[in-house]
Amino acid sequence: MKKKVLAALLSAAMVATLLAGCGKKEEAPAEAPAETPAETPADEPADAPAADEKMSFEIVSKGLQHQYWQAVKKGVEQKAAELGVEVNFVGPASESDIKDQVAMFDNALNSNPKAIGLAALDTSSVTEQLQTAKDSGIPVIGFDSGVPNAPEGSVLANCSTNNYAAGEMAAEKVYEAIKDRISGNVRIGVVAQDATSESVVNRGLGFIDKIAELAVADGHTATVVGNDKYITDSKCEKTEGANVVIDVRVPSSVTSELSAADATALMNEAGTIAIYGSNEHSANAIITANENLNKCGTGEGQIIAAGFDSGAAQIQAVKDGVLLGAITQAPVAMGEILVQTMYDAVMGNTVSDTDTGCQWYTAENIEDPEIAQNLYE
């Protein structure tokens, strides 16, 4: 009996102990909340590169033979280093090598870059590739001449000089120098390296249209002869018997020899009072032709000559008075703006066309810092 009572007492004590223990049980410390992932900026696309991923850009220019393209390349490399992106800058040996540029664009697409920069020699030759870039989500940014008439949405923006306005500026400066010489029938020559590149064509058309406009405003009649593309696209109406003839010559292929021959022929035409080269290649052709003819200058009876772009030969010709002056773009700045625009496009920012500017330089202002920074040799 005593054993049964003792067992009952022990069981009751154990139950009481357990109940007391449950009442005093400490709560487990609260766990620290899990870190919330950083939010992606609203304007950053889903496929934007990770912070530690290096962007790669492909840039296909019109060529590498002219110092102009080397200056653009310099700007590209400077901005690429600043932004920490890798850039492959290529171009054909000659600006008439359209097939070579197409192959380079194909290679650019095959490397699957984050963005592509393109200065098209002939937009129609890369239409298929532009559509492929669009379908693949690779942003294309045009520069220099841009990519006129590209498939809708395939080129997001262009970084270039307003070439038509630049041609107009050259015409205004030339006309100011020749307006008092227009007596009877006169000829104004235009040396253009091609009739396909947007930049070259628009610089030529801007010059042609403005010269015609100014001449007509002064009571003259004007017409355009020579290359069919420039005749057709010019605003100047064809006028039989016009006393101001704007004569446009385009070589069958882009070579220094053929363009110099065009310049020589124009300078030997009766009544030629002015001549204009719409890029470095064409301006150099005028300079080469003048080495044998010695007809260009600002003296009485000399032909007023003007150029476009820069380069050692053209700078010296301006300093020597062979050229009245020339239009310079801002090639280094163009390269920098191009890379920045490509970078912005990849990061999902809105991009738009940018005019990279131009200036008229002469022997009088060529040392001005604002001018000198845009000249290249």
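Refer to the preceding data block for the structure.
Each value, and the rule that gives it
- Residues numbered from 1 in each chain as written.
- Predicted model: local features only at pLDDT ≥ 70, side-chain atom pairs only at ≥ 80, totals over all residues.
- Heavy atoms only, no water.
- Helix = DSSP H or I, 4+ residues; strand = E, 2+ residues; numbered from the N terminus.
- Expected span 1.5 Å × (residues − 1).
- Buried < 20%, exposed > 50% of the residue type's maximum accessible area, 1.4 Å probe, protein only.
- Contact = heavy atoms within 4.5 Å.
- Axes fitted to C-alpha atoms, helices over the stretch in contact; angles between N-to-C directions.
- Parallel < 35°, antiparallel > 145°, perpendicular 65-115°, else oblique.
- Left-handed = near helix turned anticlockwise from the far one by under 90°.
- Nonpolar A, V, L, I, M, F, W, Y, C, P; charged D, E, K, R; others polar.
- Polar contact = N/O pair within 3.5 Å; in protein donor to acceptor, adjacent residues only side chain to side chain.
- Pairing = 2+ DSSP bridges.

## Some words on helix α9 (residues 280-293)
- An ideal rise of 1.5 Å per residue puts 20 Å on 14 residues; α9 measures up with 20 Å between its terminal C-alpha atoms.
- For α9, the full list of buried residues reads Glu280, His281, Ser282, Ala283, Ala285, Ile286, Ile287, Ala289 and Asn290.
- Where the residues of α9 are buried, they touch α2 (67-83), β6 (186-191), α8 (256-268), β9 (272-277), β10 (304-308) and α10 (312-320).
- At the exit of α9 stands Asn294, carrying a positive phi of roughly 55°.

## A closer look at the packing of helix α5 (residues 163-178) against helix α6 (residues 198-217)
- Two elements in contact, α5 and α6, have axes separated by 7 Å at closest approach and are oriented at 40°. By the angle between their axes, α5 is oblique relative to α6. Note on packing geometry: the crossing formed by α5 with α6 is right-handed. Contacts between α5 and α6 involve Asn163, Tyr164, Gly167, Glu168, Ala170, Ala171, Glu172, Val174 and Tyr175 from the former and Glu198, Ser199, Asn202, Arg203, Leu205, Gly206, Phe207, Asp209, Lys210, Ile211, Leu214 and Ala215 from the latter.
- Classifying every residue of the contact of α5 with α6 gives 10 nonpolar, five polar and six charged.

## Remarks on the packing of helix α3 (residues 98-110) against helix α4 (residues 127-135)
- One way to put it is that α3 packs onto α4 with a least axis distance of 10 Å and a crossing angle of 15°. When the axes of α3 and α4 are compared, the pair comes out roughly parallel. In this structure, α3 meets α4 at a crossing whose hand is left-handed. For the pair α3 and α4, the contacting residues are Val102, Phe105, Asp106 and Leu109 in the first and Gln129, Leu130, Thr132 and Ala133 in the second.
- A class-by-class count of the residues in the contact of α3 with α4 yields five nonpolar, two polar and one charged.

## Structural notes on the side chain of Thr356
- Relative to the elements of secondary structure, Thr356 occurs in the loop between β12 (354-355) and β13 (359-361).
- Engagement of the side chain of Thr356 in a polar contact is seen with the backbone nitrogen of Thr161, the distance being 3.2 Å.
- Apart from the residues within four sequence positions on either side, Thr356 is in contact with Cys159, Ser160, Thr161, Ala330, Met334 and Ile337.

## With respect to the sheet that holds strand β8 (residues 244-249)
- Judged by pairing direction, the sheet is mixed, and its seven strands sit side by side in the order β7-β8-β6-β9-β10-β11-β13 without closing on themselves. Looking at which strands have only one partner, the edges of the open sheet turn out to be β7 (222-226) and β13. For this sheet, the mean angle separating the axes of adjacent strands, direction not counted, is 20°.
- Pairing of β6 with β9 involves five bridges; the strand directions are parallel. Opposite Ile188, over in β9, you have Ala274 as the bridge partner.

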